[in-house]
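Understanding the architecture of this molecule
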Amino acid sequence: MVQGELLLGADGLKSVICQQINGNIPATYTGDAAWRITVPVERLPENFMEQVMMVWMGPGRHVVAYYLRAGALLNFVGLVETEEVSEESWTARFPWERFKADFAGWHVDVQTIIDAADQEGCYRWSLHYRPTIRNWITRRAALLGDAVHPTLPYLAQGACMAIEDGAVLTRALDQADSIVDALQLYQRNRVDRTVRIVNQSTANRTLFHLRTVDEIRASFANRDEGADRNAWLYSYNPLTVELV
Ligand SMILES: Cc1cc2nc3c(=O)[nH]c(=O)nc-3n(C[C@H](O)[C@H](O)[C@H](O)COP(=O)(O)OP(=O)(O)OC[C@H]3O[C@@H](n4cnc5c(N)ncnc54)[C@H](O)[C@@H]3O)c2cc1C
């Protein structure tokens, strides 16, 4: 038997700890699958893409690409609408030929990345909605990350939120006089932000899968995604935000 003062459920979107605290949370297929590959930059043309995040949008699908490991790897996520529900998993491999076919006719840079992929290393993740949860704790247990706020990747914030949770929980444990108080402080300071991010992420699915160029132009004409996200999303610092 293992004994401890606090159980932390950081066991991902199929969390058994969350199930024990909140019961079964239903998952509904979104209609989207996410192709995922990483490509070492030496397989790509020199100066292929600036050190920025690139997004390509088109009818019923979109692509996001950015660098990992200080520019050594290019990460590519390609979202496609499909009625074929498959596994919700990091390790579900799918044939490269299907990947290539899903983006036939897309921008030449998208083709360059797909052509440079390791053909045995193409993964497809079936994306599911789950309702948001406001109950993260018991007296001796707390949930963290996808275990309590699984999110769709349309705002690229799932891992960021898990890191923020960890930072705030650490501070709450330092500040409070008891574990019970610390867990309440943690939950109080994290739930609203993560619910907002999850809901915003879900809303982005519609925005990214518009059918025509005119619709895309009209939807983005009065938006300033950068300013909006800087105002509330990227400006949050879990190490300094006041815990109330
Ligand atoms: C296609 C896609 C693209 C994404 N892109 C981004 C992005 O650009 N930016 C971003 O911030 N996030 C992104 N995310 C989300 C991000 O991957 C997740 O939010 C993040 O991995 C959650 O971290 P976690 O530690 O909570 O859970 P996980 O990474 O799922 O880790 C949970 C761990 O618990 C282990 N585990 C589970 N059950 C048990 C058990 N019973 N006993 C012991 N261990 C157990 C698992 O093996 C796993 O290692 C993306 C997700 C997807 C699907």
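Before going into details, it helps to say that this report is about the structure given with it. (Residues numbered from 1 in each chain as written. Predicted model: local features only at pLDDT ≥ 70, side-chain atom pairs only at ≥ 80, totals over all residues. Heavy atoms only, no water.)

As a further point, take the site of the ligand. The ligand sits among 17 residues. The nearest are Tyr66, Trp90, Asp146, Gly158 and Ala159. Between a nitrogen atom of the ligand and a main-chain N or O atom of alanine 156, the distance comes to 3.1 Å. The separation between an oxygen atom of the ligand and a polar main-chain atom of cysteine 160 is 3.1 Å. When the ligand is considered free in solution it has 1,000 Å² of accessible area, and contact with the protein chains removes 60% of it. For the shell around the ligand, the leading source of residues is helix H4 (residues 158–175), giving 3 residues. The residue makeup of the shell around the ligand, split by class, is 10 nonpolar, 4 polar and 3 charged. Both domain 1 (7–25 + 136–232) and domain 2 (28–128) contribute no fewer than three residues apiece to the shell around the ligand. (Near = heavy atom within 4 Å. Polar contact = N/O pair within 3.5 Å; in protein donor to acceptor, adjacent residues only side chain to side chain. Areas by Shrake-Rupley, 256 points an atom, 1.4 Å probe, with all protein chains shown as cover. Helix = DSSP H or I, 4+ residues; strand = E, 2+ residues; numbered from the N terminus. Nonpolar A, V, L, I, M, F, W, Y, C, P; charged D, E, K, R; others polar. Domains from an automatic or database assignment.)

Moving on to the pattern of salt bridges. Any two side chains of opposite charge can pair, so long as their charged atoms come close to each other. With the rule as written, the count across this model stands at 14 salt bridges. The shortest N-O distance in the salt bridge between aspartate 192 and arginine 134 comes to 2.3 Å. Of this pair, aspartate 192 sits in helix H5 (residues 179–208) while arginine 134 sits in the loop between strand S6 (123–129) and strand S7 (141–143), and the two are 58 residues apart along the sequence. For arginine 134, a relative accessible area of 47% translates into the label partly exposed. (Salt bridge = Lys/Arg side-chain N within 4 Å of Asp/Glu carboxyl O. Buried < 20%, exposed > 50% of the residue type's maximum accessible area, 1.4 Å probe, protein only.)

Take the packing of H5 against helix H7 (residues 225–232) next. In the contact formed by H5 and H7, the axes pass within 13 Å of each other and the chain directions differ by 170°. Between H5 and H7, the angle falls in the class roughly antiparallel. Counted together, Arg193, Arg196, Ile197, Gln200, Asn204, Leu207 and Phe208 of H5 and Glu225, Arg229 and Trp232 of H7 form the full contact between these two elements. Classifying every residue of the contact of H5 with H7 gives 4 nonpolar, 2 polar and 4 charged. (Axes fitted to C-alpha atoms, helices over the stretch in contact; angles between N-to-C directions. Parallel < 35°, antiparallel > 145°, perpendicular 65-115°, else oblique. Contact = heavy atoms within 4.5 Å.)

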